[in-house]
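This is what each chain is made of:
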Amino acid sequence: MIPPFLTPSEIEQYGFLVEIEPPTKVNCQFCNKELFYLGTRSLFSKIIIRWKEEPERCGCGQSVKYWEKVDEAMAKAGADRLELKERNERREKAERLFNESKMGARFKSRTFKNFKVDSQNAKAFEAVKRYSDNFRKHADQGFGFMLSGSYGTGKTHLVAALATDLINKGIPVIFGTMISLLGKIRQTYGEGWRREDELEILETYSTVDLLIIDDLGKEKVSEWSLEKLFSIVNTRYENNLPIVITSNYDIETLIDKLTINGNSDIADSLVSRLHEMCRGIRLNSTDYRMAKK
């Protein structure tokens, strides 16, 4: 069987015609052996239609080691390009979901700069700001945080500021309440429903660089919503991906809030994973919404 690329001696052996002159021969930079360019043959006639851009590789020891390093570097560069492409695709999906949120515009207006820091919330503010500034370090370890505190103390403002800050740095973030996040999945159940649409959203929630769930425990859960929430959290847990939670409740109360019909098995497992994935940050302050009245 005639190979697709031929050396000068093979071209002569198989009787191929050369219509384009080959590039000038070169020598191995290590042993000075003469190296030839390989000709690309036609599939339909005995004609060399082009020449490879690079000459054949020498088989001497130094050349083999050299090309092993070159191939390794090229493979890494290709993998880096693929990773960047996939990362950009994930960011675009995350930003699309963030921008489609009805609460998106309101959340984007909440930044670290316009958060009113006082003696009661200063430690929480500094902790969340440090998390944002050092996000890659925390993300590599799979660590997020659970920000707890009573109503109106600024929890949502702080995590919205975190989301906006990271997105502005090009880091994909998805932000929402459990209802708003799972509502995106429910929307796929309408006319023309496709399982692939639901799985795409679940995958995005499960793989985005940071998932932020605001006011966990506030909304009444169903078996369906708890199952989906556990699936998302568990996938992130298994893949060492961070999650940030805000809640008005402590751990025990949160389990009660997520318990359905007296069965707390899934709630226990869910909160246990969150407890392992998230450090606790307590926000102690007065209700700033009431203070403005």
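To be clear, the structure that these remarks concern was listed above.
Presented here is an overview of the structure given in this document.

Cut-off values and rules
- Sequence order as written defines the numbering, with residues in each chain counted from 1.
- The model is predicted, so local features are restricted to residues of pLDDT at least 70 and side-chain atom pairs to those at 80 or more, both for listing and for counting; the totals for chains, interfaces and linings are taken over all residues.
- The basis for every side-chain value is the complete set of heavy atoms in the structure, and neither hydrogens nor water enter the calculation.
- Secondary structure elements follow DSSP: runs of H or I of four or more residues count as helices, runs of E of two or more count as strands, with numbering from the N terminus.
- For each residue, the accessible area found with a 1.4 Å probe, counting protein chains only, is set against the maximum for its type, and the residue is called buried under 20%, exposed over 50%, and partly exposed in between.
- Here the Shrake-Rupley method, with its probe set to 1.4 Å, supplies the accessible areas, and only the displayed protein chains count as covering residues.
- Expected helix span is computed as 1.5 Å times (number of residues minus one).
- Two rings from Phe, Tyr or Trp (for Trp, the six-membered ring) form a pair when their centres are within 6.5 Å of each other. A pair whose planes differ by under 30 degrees is stacked, one over 60 is edge-to-face, and the rest are tilted.
- Detection works on a 1 Å grid of protein atoms alone, calling trapped sets that fit a 1.4 Å probe cavities and calling open sets with protein on both sides within 12 Å along at least five of seven lines pockets, with lining residues defined by an atom within 4 Å of a point.
- Grid points are joined across faces, edges and corners, and a volume is the space filled by probe spheres set on the points.
- Gly counts as polar in this scheme, as do all residues outside two lists: the nonpolar Ala, Val, Leu, Ile, Met, Phe, Trp, Tyr, Cys and Pro, and the charged Asp, Glu, Lys and Arg.
- Criterion used throughout: strands pair if DSSP finds at least two bridges between them.
- Salt bridge, as used here: a side-chain nitrogen of Lys or Arg that lies within 4 Å of a carboxyl oxygen of Asp or Glu.
- For helices, the fitted axis covers only the stretch in contact; all axes are lines through C-alpha atoms, and the angles between them, taken along N-to-C directions, range from 0 to 180 degrees.
- Note on angle classes: values under 35 degrees are labelled roughly parallel, values over 145 roughly antiparallel, values of 65 to 115 roughly perpendicular, and the remainder oblique.
- In what follows, residue pairs with any heavy atoms lying within 4.5 Å of each other are defined as contacts.
- Helix crossings get a hand from a simple test, with the near helix turned counterclockwise from the far one by less than a right angle marking a left-handed crossing and a clockwise turn marking a right-handed one.

Here's the deal with the overall build of the protein
Step number 1: If you tally the helices and strands in the protein, you get 12 helices and 11 strands.
Step number 2: The burial tally for the protein puts 41% of its 293 residues in the buried class.
Step number 3: Approximately 17,300 Å² of the protein is accessible, and the part contributed by carbon and sulfur atoms is 51%.

Overview of helix α6 (residues 155-168)
Step number 1: Across its 14 residues, α6 extends 20 Å between first and last C-alpha, which sits within 8% of the 20 Å expected from 1.5 Å per residue.
Step number 2: Most of α6 sits inside the fold, with 12 of its 14 residues counted as buried.
Step number 3: What α6 keeps buried is the set K155, T156, H157, L158, V159, A160, A161, L162, A163, T164, L166 and I167.
Step number 4: Two residues or fewer after α6 comes G170, characterised by a positive phi angle close to 85 degrees.

A few points about the packing of aromatic side chains
Step number 1: Enumeration over the complete set of coordinates arrives at 6 aromatic pairs.
Step number 2: Seen from their ring centres, F112 and F125 are 5.9 Å apart, and the 85 degrees between their planes marks the pair as edge-to-face. Of this pair, F112 sits in the loop between α3 (104-108) and α4 (122-133) while F125 sits in helix α4, and the two are 13 residues apart along the sequence.
Step number 3: The exposure class assigned to F112 is buried, which follows from its relative accessible area of 10%.
Step number 4: Classification of F125 as buried rests on a relative accessible area of 15%.
Step number 5: Ring plane angle 10 degrees and centroid distance 5.6 Å describe the contact between F115 and F125, whose orientation is recorded as stacked. With F115 in the loop between α3 and α4 and F125 in helix α4, this pair connects stretches of sequence that are 10 residues apart.

Considerations on empty space enclosed by the protein
Over the atoms, a rolling probe the size of a water molecule traces out where space has been left empty.
Step number 1: If you walk through the whole model with that rule in mind, you get 1 cavity of 30 Å³ or more.
Step number 2: Ranked by the residues each element gives to the lining of the largest cavity, the list is headed by helix α7 (residues 178-186), at 3 residues.
Step number 3: Broken down by class, the residue content of the lining of the largest cavity amounts to 8 nonpolar, no polar and no charged.

Regarding helix α9 (residues 223-238)
Step number 1: Taking 1.5 Å as the rise per residue, α9 with 16 residues should run 22 Å; its terminal C-alpha atoms sit 22 Å apart, in good agreement.
Step number 2: Downstream of α9 by one or two residues, N240 has phi in the positive range, about 60 degrees.

Details of the sheet that holds strand β2 (residues 17-18)
Step number 1: Taking strand neighbours across the sheet as the criterion, the 4 strands line up as β1-β5-β6-β2 in an open arrangement whose pairing is mixed. Here the strands that pair on one side only, and so sit at the sheet edges, are β1 (5-6) and β2.

A word on the pattern of salt bridges
Step number 1: Under the criterion given, the structure shown has 9 salt bridges.
Step number 2: For K25, the salt bridge identified is with E34, shortest N-O distance 3.4 Å.
Step number 3: A salt bridge links R57 to D71; the nearest nitrogen and oxygen atoms lie 2.8 Å apart. Separated by 14 residues along the polypeptide, R57 in the loop between β6 (47-51) and α2 (61-100) and D71 in helix α2 bring together distant segments of the chain.
Step number 4: For D71, a relative accessible area of 34% corresponds to the partly exposed category.

Focus on the packing of α7 against α9
Step number 1: Closest axis-to-axis distance for the α7/α9 pair is 11 Å, and the angle between their directions is 95 degrees. Taken together, the axis directions place α7 and α9 in an arrangement best described as roughly perpendicular. Across the interface between the two elements, M178, L182, I185 and R186 from α7 touch W224, S225, K228, L229 and I232 from α9.
Step number 2: By residue class, the composition of the contact of α7 with α9 is 6 nonpolar, 1 polar and 2 charged.

Overview of the sheet that holds strand β9 (residues 210-214)
Step number 1: The 5 strands lie next to each other as β8-β9-β10-β7-β11, forming an open sheet whose pairing is parallel. Strand pairing shows two members of the sheet lacking a second neighbour, β8 (173-177) and β11 (278-282), which therefore form its edges. Taking the axes of each pair of neighbouring strands and ignoring which way they run, one obtains an average angle of 15 degrees across the sheet.
Step number 2: By the bridge criterion, 5 bridges tie β8 to β9 in an arrangement that is parallel. Residue pairing across strands places F175 opposite I212, the latter belonging to β9.
Step number 3: Of the strands in this sheet, β7 (144-148), β10 (243-247) and β11 are in contact with helix α11 (residues 265-277), which crosses β11 at around 80 degrees.

Let's talk about the packing of α4 against α6
Step number 1: One way to put it is that α4 packs onto α6 with a least axis distance of 10 Å and a crossing angle of 20 degrees. Classified by the interaxial angle, the pair formed by α4 and α6 is roughly parallel. Helix-helix and strand crossings are classified by hand; for α4 and α6 the assignment is right-handed. Residue-level contacts link A124, F125, V128, Y131 and S132 of α4 to L158, L162, D165 and L166 of α6.
Step number 2: Here the residues of the contact of α4 with α6 are counted per class, giving 7 nonpolar, 1 polar and 1 charged.

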